[in-house]
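Chain and residue survey
Each chain, written out:
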Amino acid sequence: MSDRFLGTGATGQDVYEYALLRVVPRIERGECFNAGVLVYSRSRALVAARTHLDEAKLLALDPGADVAGVRAALRAVEGVCAGGEAAGQAAHDDAGRRFRWLVAPRSTVVQAGPVHTGLTADPAAEAARLLDLLVK
């Protein structure tokens, strides 16, 4: 298969997709804040998550929030991205399938936002860059 179909262009950059991970402490209120980012690169068979939970924001939106539970949910997302035994039932799924499962709409405290695209020479580093830019 040619590089064109894998998402690697003549510029040496890869097409990648990303979505923000949002914490919605009280679903009925609809308030949220960014707590992480998911990055997927088909050409590199990479799905990665970087998270950062701002406990002050969480507790400002819901003083009774389960901080440990939200942290566990964010760690679970990271585990699915990592694959292997940390991914649970998704352990044998390819990177694209794990990414699509993670960005599927759901009514939980940790949700993925809309999927966006970009170009990068280093999809793995892009996760850290987006975390610093959009979350921290």
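Residues numbered from 1 in each chain as written. Predicted model: local features only at pLDDT ≥ 70, side-chain atom pairs only at ≥ 80, totals over all residues. Heavy atoms only, no water.

An unreviewed UniProt entry lists the protein chain under the name DUF3037 domain-containing protein, from Streptomyces capitiformicae.

1. Brief notes about the state of the cysteines
Counting across every chain of the model gives zero disulfides. Of all cysteine sulfurs in the structure, the one in C81 sits closest to C32, which takes part in no disulfide; the separation is 19 Å. In this structure C81 comes out as buried when scored by relative accessible area, which is 5%. (Disulfide = S-S within 2.5 Å. Buried < 20%, exposed > 50% of the residue type's maximum accessible area, 1.4 Å probe, protein only.)

2. Some thoughts on helix 3 (residues 67–82)
Here helix 3 contains 16 residues, and its C-alpha end-to-end distance of 23 Å stays within 8% of the 22 Å for a straight helix at 1.5 Å per residue. Turning to helix 3, its buried residues are V67, V70, L74, V77, G79, V80 and C81. In the segment just after helix 3, G83 is the residue with positive phi, at about 75°. (Helix = DSSP H or I, 4+ residues; strand = E, 2+ residues; numbered from the N terminus. Expected span 1.5 Å × (residues − 1).)

3. Notes on the confidence of the model for the protein chain
Per-residue confidence for the protein chain averages 90 on the pLDDT scale, and 92% of its residues sit at or above 70. Here helix 1 (residues 3–6) is the element of the protein chain with the lowest mean pLDDT, 45, and strand 2 (residues 33–41) is the one with the highest, 97. Note on residues 1–6: pLDDT is under 50 here. Beyond four places in sequence and across chains, it has six contacts. (pLDDT = per-residue confidence, 0-100. Contact = heavy atoms within 4.5 Å.)

4. Things to note about the side chain of E17
Looking at the element boundaries, E17 is found in strand 1 (residues 14–23). Here E17 falls in the buried class, since its relative accessible area comes to 18%. Within the structure, E17 has its side chain in polar contact with the side chain of R100 (distance 2.8 Å). (Polar contact = N/O pair within 3.5 Å; in protein donor to acceptor, adjacent residues only side chain to side chain.)

5. Description of the nonpolar core
In this structure, L21, V23, L38, L53, L58, V70 and L74 are the most contacted members of the largest nonpolar core, which totals 26 residues. Of all the secondary-structure elements, those providing two or more residues to this core are strand 1, strand 2, strand 3 (46–51), helix 3, helix 4 (95–103) and strand 4 (110–112). It is helix 3 that contributes the most residues to this core, six residues altogether. Discounting chain neighbours no more than four positions away, the residues touching L38 are E17, Y18, A19, L21, A48, A49, V77, C81, F99, L102, V103 and A112. (Core = buried A, V, L, I, M, F, W, Y, C linked by side-chain atoms within 4.5 Å.)

6. Things to note about the environment of G84
Turning to its location among the elements, G84 is positioned in the loop between helix 3 and helix 4. Taking relative accessible area as the criterion, G84 reaches 41% and is therefore assigned partly exposed. The spacing of G84 and R22 is 62 residues in sequence and 25 Å in space, taken between C-alpha atoms.

7. Describing the packing of helix 3 against helix 4
As a packed pair, helix 3 and helix 4 sit with axes 9 Å apart at the nearest point and diverge in direction by 160°. In terms of axis orientation, helix 3 runs roughly antiparallel to helix 4. Where helix 3 abuts helix 4, its residues V77, V80 and C81 lie against R98, W101 and L102. For the contact of helix 3 with helix 4, a count of residues per class yields five nonpolar, no polar and one charged. (Axes fitted to C-alpha atoms, helices over the stretch in contact; angles between N-to-C directions. Parallel < 35°, antiparallel > 145°, perpendicular 65-115°, else oblique. Nonpolar A, V, L, I, M, F, W, Y, C, P; charged D, E, K, R; others polar.)

8. Overview of the environment of N34
Locating N34 in the fold gives a position in strand 2. Taking C-alpha positions, N34 is 14 Å from V77, a pair spaced 43 residues apart along the chain. Setting aside chain neighbours within four positions, we find N34 in contact with L20, L21, R22, H52, L134 and V135. A polar side-chain atom of N34 sits 3.2 Å from the main-chain carbonyl oxygen of L134.

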